[in-house]
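Results of the structural survey
The lines below spell out each chain.
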Amino acid sequence: PPWNGTDFFVAVGENDHRNWDDMRRYGFVSAGHGDKYRRAMSNLHVGARVFAAIPGTGYVGVGEVVDEAVGVKDFTVEIDGQEVPILQAPLAAPNMSEDAESEEQSEYLARIRWIDVRGRHEALWQKGMFANQNVVAKLRQPFTLQRLAEHFDLETVE
């Protein structure tokens, strides 16, 4: 099927460098620790819609990209009305700062305005839904888009 130019699948691989709870709390998706992951994150453009999926668990969120991906050392979050570097924020991912000074190895974060997010226990997964080994992929599968629209109560999915 043709791609609408907007919808992306984003794999939220959890490990010491990233955690879904941090992404929900602070409004971002991330990947890193390799040039291919940095390049994948650069595909997310302002205005794109992302469907976040935890591999092996299911889809847990939908949101809109509001800022393109930057290295973790340059990403800020709001805490108690103050903008602070994310690395100074309380994080569930214990090693998000690893390789922060390396352009190729750093974690890269794209700011997301979440439309709807769910906990891991509320993830949506049905046989036949789109999944991909890439961190970021164009999402154009009608079956998956329809199920996501229903699950996240979205008015339109093209």
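Scroll up for the structure.
Keep in mind that this is a model prediction, so the values were computed, not measured.

Two strands in a sheet stick together by hydrogen bonds in their backbones, pointing the same way (parallel) or opposite ways (antiparallel). In space, the six strands of this open sheet follow the order E2-E7-E4-E3-E1-E8, with mixed pairing throughout. Looking at the sheet topology across the chains shown, the edges are occupied by strand E2 (28–32) and strand E8 (136–138). Taken pair by pair, the neighbouring strands of this sheet meet at an average axis angle of 40°, ignoring direction.

In this section: the nonpolar core. Among the nonpolar cores identified, the biggest contains 33 residues, and Met41, Leu44 and Ile86 are the most heavily contacted of them. Beyond its immediate chain neighbours, meaning those up to four positions away, Ile86 contacts Tyr26, Phe28, Val72, Phe75, Thr76, Val77, Leu91, Met96 and Leu109. Residues Val62, Leu124, Leu148 and Ala149 belong to the second largest nonpolar core, which totals 16 residues.

One pass over the structure, following the stated rule, counts 10 salt bridges. The closest approach of N and O atoms between Arg111 and Asp67, which form a salt bridge, is 3.2 Å. Residue Arg111 is located in strand E7 (residues 107–117), and its partner Asp67 is located in strand E4 (residues 58–71); the two are separated by 44 residues in the primary sequence. One salt-bridge network, held together by shared partners, links Glu14, Asp21 and Arg120.

Cut-offs applied
Here the residue numbering is sequential within each chain, running from 1 through the sequence in written order. For a predicted model such as this one, the threshold for reporting local features is a pLDDT of at least 70, and the threshold for listing and counting side-chain atom pairs is 80 or more; totals across whole chains, interfaces and linings nevertheless cover every residue. To obtain the side-chain values, all non-hydrogen atoms of the structure were used and water was disregarded. Think of it this way: DSSP has to see at least two bridges between two strands before they count as a pair. Secondary structure elements are taken from DSSP: a helix is a run of H or I of four residues or more, a strand is a run of E of two residues or more, and numbering for both begins at the N terminus. Comment: axis = line fitted to C-alpha atoms, over the contacting stretch for helices; angle = value between 0 and 180 degrees taken between N-to-C directions. In this text, buried Ala, Val, Leu, Ile, Met, Phe, Trp, Tyr and Cys residues form a nonpolar core when linked through side-chain atoms within 4.5 Å. Three exposure classes are used, based on accessible area relative to the maximum for each residue type with a 1.4 Å probe and protein chains only: buried under 20%, partly exposed in between, and exposed over 50%. The contact definition used throughout considers only heavy atoms, calling two residues in contact when any of these lie within 4.5 Å. The term salt bridge refers to a pairing of a side-chain nitrogen on Lys or Arg with a carboxyl oxygen on Asp or Glu at a separation within 4 Å.

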